[in-house]
Each structure stands twice: as C-alpha cells, then as structure tokens.
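Overview (structure and organization)
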Amino acid sequence: MALPEGFRWGGAVAANQVEGAWREGGRGPAVSDVASYKPKADPKEYALHHQNTVASITAALADDDLEYYPKRRGIDFYHRYPEDLALFAEMGFTTLRVSIAWTRLYPTGEEEQPLEEGIAYYLALFTEMRRLGIEPLVTLSHYDPPMALALKHNGWVERRTIGLFERFARTCFERFGHLVDMWLTFNEIDGIIRHPFTSGGIIEETVEGNLEQACYTALHHQFVASASVTQILHELYPEAQMGCMLTMLTTYPNTCHPDDVVATQAKERLLYLCTDVQAGGAYPRLALNQLQRKGVTIPFEDGDAELLREHPVDFISFSYYMSMTESVREDAERTPGNTVLGVKNPFLPSSEWGWQIDPVGLRVSLIDLYDRYGKPLFIVENGLGMRDELEDGKIHDPYRIDYFRAHFEQMIQAVDEGVDLMGYVSWAPIDLISASSSQISKRYGFIYVDQDDLGHGTGDRYRKDSFFWYQKVIASNGTDL
Ligand code: BG6
C-alpha cells in the first residue's frame, strides 16, 4: 500500500484564527472579531449557535479587549509568517492551506477598489511560500464575512452579496492567480445552517421571518456565488482548480433498528446536499422535498439552475475530525462534535472536548464521497485538539502522533482501494485560536505557540515531538508511520 508520487502533504490554517493584526493595513471588521473567549463553558455549548444582536455586536466592536476577543490577535501570523513558513518547510510541506481575509482587501465588502496594502500582504505571503516550495491552497471565505455586510443586510441573506463576493474573488484571481493554482470557495459551506452568523453574517434578530428559511436562502446565494466564481477562475486560468469544502459529519445509525437507519438517511441527505449542488450541479430531489415539507423554499432566479449545472467544482475537499451516530431515542446520550451535538458512539473514545475519535470513519468518508461523486478528493482538515505541556522547551505529544498515525493508515487503505486523493493537509500545523471556543489551549499544532488563552506569553514557536514524526511521514510519503 502506497500513496501516489506527488501526493500533497501539509497543513491548513484560516486568516481569522492566525493572522491577528485586526486593525492593521486598513482591514475592516469581520464577524470573527466579535467571537468571544469561552473559558469555562460546557463543551456542549460550543456546538450550539451563539446568538448575536446588533447591540451586542456594536458594543463588542467598541471594546478593544484583546483578551476577550482572541481572534483579533490570533498568533500574529500577519507579522511572523516568514518564521512559520520556514518551520512548515522544515517539516517538508508541499502544500499549505490558508485563507484570504475579505476585509483586508475590501474593508466593508462594498468598496469599488481593493486596498493595495492587503494585496501586498498576500502577494508577499504566497511569494514566500513558492520560494520555499510550498504550494498555496487558498480558501476565499473561511468564517469571516465582513461585519459591515452582516449589519447592513444580513450578509448572505441578501442576493446582492453574490456580486460583492464575485468582485472580491475576481481580484484574488487577477492579483494572485500567477502564484495560486488551487482554490476553495466557502469553508464548510454546510455550516451556515448550524452557525448562521459565523458563516453567513446572519443576525437572527434582524431576520424577517423564519431563521431556517433565511439560512437556506443564504446557502443558495453561496452556491450561486461558488458556481459563478468557478466560471470566472476558469476563464482567467483554465488550468486552475476550484474545490468545494464540506464538514464531513460521518454519521452511523446508533442501532440497527430500522427507525435509526431512516433517521440517519435523512441526516445524510442534508449532509450531502451541498456537495450534490457544488459537484453534481443540481439540488437533489429528495433533499428538496425534505426541505419543502419543513416550509423551506429555495429562491431560484432565472439562470441559477444553468449556472450551477455548467460550473461545478473540479474537486471535493472536506474536513474530518470525528464521527457521530443518530438515534430516534430522545434520551440517547449526546456528545459534541465539530459544530454539532450528536448521539454518542459507545465504541469510540472522546477528546476532552467530547469529539469522538474514529480513524475508520475517515476511510468510510473517503469511500462514500468518492463512490458518490467520482471526483478527486482532498482532505483539507483533520487533527486533534488537546492541551499540551511545554517543559524545558519540549512538548511530548504521543496522543497526537497516535491520532494521526491511525488516520493515515485508514487514508492509505482508502487510496489503496481506489480513491483518487489529491492530498492531505492537517488542521492545524501550528497552535491557533479555536473556531468554536476561541481558546488556544485546545492545541492542534505540530508547532507549539507560547501563548495562553488570554494572550500572555512570548509567542515563541517550539517543535513538538509530533513535528519530527510528521516530518518523517512526509519524507517517506506515508510509508514510515
Ligand atoms: C473546522 C473549521 O470546523 O474545525 C476550523 O473549519 C476549526 O476553522 C476546526 O478551527 C476545529 O474546530 P475548533 O472549534 O476546535 O477550532
């Protein structure tokens, strides 16, 4: 069993979780800037949708507290990226997934022209990556829609946002397209249903009518935008590739009771809805019926169906952290996962945050996705959030090595069975601010960042034991685990 030559290895980060420098270079506020630190919250709450109101957002924006809003400071990647890229290169990365902060180029999302300072920053970043032999994989939107659009017209609920996003994407392609060949439109596009504010800039209190309807309206607008920018990319750079990005919430029936199987099927139908549209080019009929029965309609306009059909993505990327089960029993024990609460699987261990560790689920996901779509796949997030201890400049993290080893074994097995896999980038190669809890103590990296949840520390970087292990895995293209 071996991975193909040229298999891409690396890591993934997102602008709002690493860059910091939230007010530098003319950057405008993004929804991530009001994500507060959640120190003692019950992990179950992390999975839930946090309510924001116009008043709470306005107050948060007027508050300069960097302790309470850690995404504003990130890990200072904005200034320290040369050092971090050098460490990634030392591990042997051939790919790094980063995202572009929309508000570094268009502070409110509505300007006619981009900010040259923002352009210069990303040009320097991608140029340095290329110099080190690291290919950029770039997400256009990763949980940071412009706050101005959220406050003005509920972000993606209003169709007008499509045009603004097209302008932003075109700028990215025109200005960075000579350095970037692989793009992703929306990170975990399905997430807008579970966390409308973070993904879509949707403020619940200002939604007219039903929130679920607003979420599906916004999702449709993101689908249209995704197809439209795929078309723009291919016109400008015919060889460049666009991918979609799905939260792969692999779900098993909790028991073999037929009712659990039916419930799981219904869940999976909505899970696959996004990829059916973005890769398959059309809404699946059963999912549409399922939504219609709940009173949700998709706001199709003339030309939408053709656009979706004619401009599907080139490859399918996804995040995979854990699996879930589904049960019709109301008293079934629940556990949090990646932005969800699911039914606990009695056969799996969980992390401190409740996420259930299931390497086989990665193989199940790869096989399901490849069987269903037959398009190349890319694992663009996978990893373990744990507390680490820095002792005498060292971090011993055998638990992380065990996690990755087990997942790589399953990944390689899936490739051996015939899955076409473009690459693997871990989440995250360096400790960063957690998307759900804004903690840094939920550490994912092969590189330790000396910073605590309140931002205290030197910010210095240290190689964990897993750093040297991953370096060996990459050098051997996965044969030495
Ligand atoms: C994914 C997101 O859902 O999970 C990342 O795309 C996020 O942004 C990652 O960081 C891990 O989740 P968390 O909440 O542990 O940071």
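Conventions and cut-offs
Residues numbered from 1 in each chain as written. Predicted model: local features only at pLDDT ≥ 70, side-chain atom pairs only at ≥ 80, totals over all residues. Helix = DSSP H or I, 4+ residues; strand = E, 2+ residues; numbered from the N terminus. Rg over C-alpha atoms; globule rule 2.2 N^0.38 Å. Buried ≥ 20, exposed ≤ 12 C-beta atoms within 10 Å, placed from the backbone. Contact = placed C-beta atoms within 7 Å. UniProt positions renumbered as here; feature names shortened; annotations may be inferred. Pairing = 2+ DSSP bridges. Axes fitted to C-alpha atoms, helices over the stretch in contact; angles between N-to-C directions. Parallel < 35°, antiparallel > 145°, perpendicular 65-115°, else oblique. Left-handed = near helix turned anticlockwise from the far one by under 90°. Nonpolar A, V, L, I, M, F, W, Y, C, P; charged D, E, K, R; others polar.

For the protein, the helix and strand inventory stands at 16 helices and 14 strands. The C-alpha radius of gyration of the protein comes to 21 Å, within 12% of the 23 Å expected for a compact globule of 481 residues. Its C-alpha atoms put the protein at 60 × 55 × 45 Å along the principal axes. By the burial criterion, 51% of the 481 residues in the protein qualify as buried. Across the protein, the fraction of contacts at a sequence separation of at least 24, relative to all contacts at a separation of at least 6, is 77%.

Next up on the list: the UniProt feature "active site" (unreviewed entry) in the protein. Mapped onto this numbering, the UniProt entry gives "active site" (unreviewed entry) at E381. Within the secondary structure, E381 is located in strand β11 (residues 377-381). Residue classification places E381 among the buried residues on the basis of 26 C-beta atoms within 10 Å. Ignoring anything within four residues of it in the chain, the contact list for E381 reads A12, S319 and W427.

Attention now moves to the sheet that holds strand β5 (residues 241-247). Pairing within the closed barrel is parallel, and its eight strands lie in the order β1-β2-β3-β4-β5-β7-β11-β12. Strand-to-strand twist across the sheet, computed as the mean angle between neighbouring axes with direction ignored, equals 25°. The pairing of strand β1 (residues 8-12) with strand β2 (residues 95-99) spans three bridges and is classified as parallel. Bridge pairing in β2 links G11 to L96. Along the sheet, helix α10 (residues 211-236) contacts β4 (182-186) and β5; its crossing angle with β4, the most-contacted strand, is approximately 160°. Where helix α11 (residues 258-278) meets the sheet, its contacts fall on β5 and β7 (315-319), and the angle it forms with β5 comes to roughly 170°.

With that settled, the discussion passes to the packing of helix α14 (residues 359-373) against helix α15 (residues 398-416). Running from amino to carboxyl end, α14 crosses α15 at an angle of 25°, the nearest separation of the two axes being 8 Å. The orientation of α14 relative to α15 falls into the category roughly parallel. Read as a crossing pair, α14 and α15 show a hand that is right-handed. Here P359, V360, L362, R363, L366 and I367 of α14 come into contact with α15, specifically with A406, H407, E409, Q410, M411, Q413 and A414. Residue composition of the contact of α14 with α15, by class: eight nonpolar, three polar and two charged.

Turning next to the packing of α15 against helix α16 (residues 465-475). Where α15 meets α16, the closest approach of the two axes is 9 Å, and the angle between their N-to-C directions is 25°. The angle between the axes of α15 and α16 places the two elements in the roughly parallel class. Here the hand of the crossing between α15 and α16 comes out right-handed. Of the residues in α16, those touching α15 at R400, I401 and F408 are D465, S466, W469 and V473. When the residues that make up the contact of α15 with α16 are grouped by side-chain class, the tally is four nonpolar, one polar and two charged.

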